[in-house]
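Structure at a glance
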Amino acid sequence: MEIFGDMGELAAEKHVEYILSVEKKKDSFESVVMEHLRMNGAYWGLTTLDLLGKLHAVDVDQIVSWIIKCQHDSGGFGGNIGHDPHVLYTLSAVQVLALFDKLDVLDIEKVSTYVAGLQNEDGSFSGDMWGEIDTRFSYIAICCLSLLHRLDKINVENAVSYIVSCKNLDGGFGCMPGGESHAGQIFCCVGALAITGALHHIDKDLLGWWLCERQVKSGGLNGRPEKLPDVCYSWWVLSSLIMIDRVHWINKEKLVKYILDCQDLDNGGISDRPDDAVDVYHTYFGVAGLSLLEYTGLKAIDPAYALPVDVVNRIFIGRQSKKES
Amino acid sequence: MASSSSDEEFRQWIPFRQRPEWSDVKPLPQDDGPSPVVPIAYKDSFVETMDYFRALYHGDERSFRALSLTSEAIQLNPGNYTVWHFRRLILEALEVDLQNELDFTEAVARGNSKNYQLWHHRRWIAEKLGTIATSKELEFTRKILSLDAKHYHAWSHRQWVLQTLGGWDDELSYCDELLEEDIFNNSAWNQRYFVITNSPLHGGLKAMRTSEVSYTVKAVIAYPENESSWRYLRGLYKDDNHSWVNDAQVSSACLKVLSAKNNYVFALSTLLDLICHGFQPNQEFRDIVDALGTPDSDRQGSDLAKSICSVLERVDPIRANYWRWRRSKLSQAV
């Protein structure tokens, strides 16, 4: 990417070392708090490694056998062994298995029955048996079922109309009808509509303008008006802009520079804002954001499925295309 | 996530294995799988609490000591779904007075209120209590919002309370209050829109339009750089472009901001939208836009919309591509 000139570089090797070391760290408070969402952590860390071309640095069989142990009788996955199933962890489990081309270890009927069972009559989705409803869960369920080729198990029409009912006057989406537009929720709603072929429900010009208004002077993106920029929005905002074909409306050079400024060049990892402490979550969003910006040396990531494009192609086009490409 | 107050609590913390009431329980450690990929070292107190939690959870012991154990486990890590889930099972089995549970969630919120599980639990309690909880819920969210006026969970909960349990009476004046504190608070503008479109007390968007437009016009003139108020103004004319284009209050607000020549990006983009929807600008608008152009810039002739796009491209360079696109769309239309 010559246009980016000498604005600094992605410390790719440092980030690989960081990802590989982070989960081995003893005594950190973060790892304690992460115990229940280890499955999400696995997805963030492993997808980052794959985008950096280093997925082979981990032991696939160990990870796959751990994932299988996290599955509950209901078909859903918990955040760790022995934890209750939740759709959040179920998608992460499916995504990680997809990264490794190991979806065949799943009883797809069982997993998809669990996910489809979380749809409510109005088309919305609950996250688990306790019924918390949120457009995040609509995306997760739709993405998960699509990766498993089982979208026919839900009422897609109702799912779409629920999401559309969460659309706001600014073109964005909230967590439920009336909820404030938020870039994270927008990603979920746009992603779900993209996967179900229902992007025509979006006012692309209006939403695109709202999304590009999220770019602040430093080049970073925020998630709502008057909020601070955060590297995670490089993913939420950027992927949404790409899905509605409006990504050229932001200043890409400035955003690349912002993300690179958030790197810890000594120990690896990426933080939310320059000079803050790094974590796996922001490292993933930073690298994924750079991938969406076509940064040299990174695998391309699919904006709707949040998986490398070659992984998505393998699932939807078949193995043949991988060899050809 | 660890606040200093919870650190103090840790200092007085007595390990479960030393507490007589727990001597009959055999703690159950976390199974991290075969030679775990991601071995996690837990803080001692956390490990022990969770070991006892797992023992009771797997034994399905819905007792008062199990309830107090979940309190401790939640204080240690309020993000764990399973602990909250088990707590609800216990609360149901013991038929505990849920008013006390409201106090418990408030205590958890004092440590960290940005937590999905906490709010879902709170909603579960409020749903069980019904309308007797209304004022407490509104008060609780108000308290959280006084600390962080854009707290996404608190706003979601508040909207749910209003729609499910009611309590709309003072909501519009609450929005006034918050906007008086911070006119840039997008959450408060969003809530204002939620109230005027959903409250049974105000007669809906059309009935409220006149008073809301004059309120909002004052806001955009006072702070023309405020994205939220401009979007709200536009939203007041949802599905009614005709009224929007023909309401002199809107175009004259643009004119007023443009005359001041300061922070005029949203005023100018609103004017552009108005023109695209059929607004016929008079000479006064043309003169003002000309005055914003650079002295040596090409006179765009009679095409005011194009001149506007050029000005926006210059004064909002980070979105130059967007404004260029707006300009290109104009020529397509011709």
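Residues numbered from 1 in each chain as written. Chains lettered and ligands numbered in written order. Predicted model: local features only at pLDDT ≥ 70, side-chain atom pairs only at ≥ 80, totals over all residues. Heavy atoms only, no water.

Looking now at the overall build of chain B. Scanning chain B for helices and strands turns up 18 helices and 0 strands. At a minimum sequence separation of 6, the contacts of chain B that also span at least 24 residues come to 62%. Counting every atom, chain B has about 15,400 Å² of accessible surface; 50% of that belongs to carbon and sulfur. (Helix = DSSP H or I, 4+ residues; strand = E, 2+ residues; numbered from the N terminus. Contact = heavy atoms within 4.5 Å. Areas by Shrake-Rupley, 256 points an atom, 1.4 Å probe, with all protein chains shown as cover.)

Position of Glu213(A) among the secondary structure elements: in the loop between helix H10 (204-212) and helix H11 (232-243). Judged by its relative accessible area of 9%, Glu213(A) is buried. At 3.4 Å, the side chain of Glu213(A) forms a polar contact with the side chain of Arg319(B). Once residues within four sequence positions are removed from consideration, Glu213(A) is found in contact with Glu227(B), Arg231(B), Phe266(B), Asp316(B) and Arg319(B). (Buried < 20%, exposed > 50% of the residue type's maximum accessible area, 1.4 Å probe, protein only. Polar contact = N/O pair within 3.5 Å; in protein donor to acceptor, adjacent residues only side chain to side chain.)

Approximately 1,100 Å³ is the volume found for the second largest pocket. Looking at the second largest pocket, it is lined by 40 residues, and the ones nearest its centre are Leu169(A), Gly171(A), Asp203(A), Leu206(A) and Arg234(B). Those elements that place two or more of their residues in the lining of the second largest pocket are H10 of chain A together with helix H10 (186-198), helix H12 (227-235), helix H13 (241-246), helix H15 (265-276) and helix H18 (320-333) of chain B. Here the lining of the second largest pocket is built from residues that sort into 16 nonpolar, 12 polar and 12 charged. (1 Å grid on protein atoms, 1.4 Å probe; cavity = no way out; pocket = protein on both sides within 12 Å on 5 of 7 lines; lining within 4 Å. Points joined across faces, edges and corners; volume = space filled by probe spheres on them. Nonpolar A, V, L, I, M, F, W, Y, C, P; charged D, E, K, R; others polar.)

This part takes up the environment of Leu20(A). One can find Leu20(A) in helix H1 (residues 12-22). Apart from the residues within four sequence positions on either side, Leu20(A) is in contact with Leu49(A), Ala57(A) and Val58(A).

Attention now goes to the interface of chain B and chain A. At the junction of the two partners, chain B supplies 58 residues and chain A supplies 64 residues. For the pair chain B and chain A, the summed buried surface comes to about 5,700 Å²; carbon and sulfur atoms form 55% of the total. Looking only at chain B, the three residues that lose the most surface to chain A are Tyr81(B), Tyr152(B) and Arg231(B), adding up to 14% of its buried area. In this structure, the connection of chain B to chain A is made through 3 salt bridges. Notably, a salt bridge pairs Arg319(B) with Glu213(A), separated by 3.4 Å at the nearest N-O pair. The interface formed by chain B and chain A includes 23 residue pairs in polar contact (both at pLDDT 80 or more). Listed by contribution, the elements that provide at least two residues to the side of chain B that touches chain A are helix H2 (44-58), helix H4 (81-94), helix H6 (116-129), helix H8 (152-165), H10, H12, H15 and H18 of chain B. (Buried area = accessible area lost by both parts, 1.4 Å probe. Salt bridge = Lys/Arg side-chain N within 4 Å of Asp/Glu carboxyl O.)

What follows covers empty space enclosed by the protein. Counted by the stated rule, this structure contains 5 cavities of 30 Å³ or more. Forming the walls of the largest cavity are Asn168(A), Leu169(A), Asp170(A), Glu180(A), Ser181(A), Asn186(B), Trp189(B), Asn190(B), Tyr193(B), Ser228(B), Arg231(B) and Tyr232(B). Put simply, the parts of the chain that give the lining of the largest cavity at least two residues each are H10 and H12 of chain B. In terms of residue count, the dominant contributor to the lining of the largest cavity is H10(B) (4 residues). Its residues assigned to classes, the lining of the largest cavity comprises 4 nonpolar, 5 polar and 3 charged.

To continue, consider the pattern of salt bridges. All names here are of chain B. Counted under the stated rule, the structure contains 36 salt bridges over all chains. The shortest N-O distance in the salt bridge between Arg 19 and Glu 72 comes to 2.8 Å. Residue Arg 19 is located in the loop between helix H1 (4-11) and H2, and its partner Glu 72 is located in helix H3 (residues 64-76); the two are separated by 53 residues in the primary sequence. Under the relative-accessibility criterion, Arg 19 is labelled buried at 13%. By relative accessible area, which is 22% here, Glu 72 ends up partly exposed. We note a salt bridge from Asp 24 to Arg 65, for which the minimum N-O separation is 2.8 Å. Remark: Arg 65 occurs in helix H3 and Asp 24 occurs in the loop between H1 and H2; sequence separation between them is 41 residues.

Using the criterion set out here, one finds 33 aromatic pairs over all chains in the structure. On the basis of an interplanar angle of 35 degrees and a centroid distance of 5.3 Å, the ring pair of Trp119(B) and Phe140(B) is categorised as tilted. One end of the pair, Trp119(B), is in helix H6; the other, Phe140(B), is in helix H7 (residues 134-147), with 21 residues separating them in the sequence. With a relative accessible area of 3%, Phe140(B) lands in the buried category. Following the ring pairs from residue to residue traces out a cluster consisting of Tyr43(A), Trp44(A), Tyr139(A), Phe187(A), Trp235(A), Trp236(A), Tyr281(A), Tyr284(A) and Phe285(A). A cation over a ring is seen here: Arg19(B) above Phe16(B), with NZ or CZ 3.9 Å from the ring centre. (Phe/Tyr/Trp six-rings, centres within 6.5 Å; stacked < 30°, edge-to-face > 60°. Lys NZ or Arg CZ within 6 Å of the ring centre and 35° of its normal.)

Shape descriptors only; they carry no functional weight alone.
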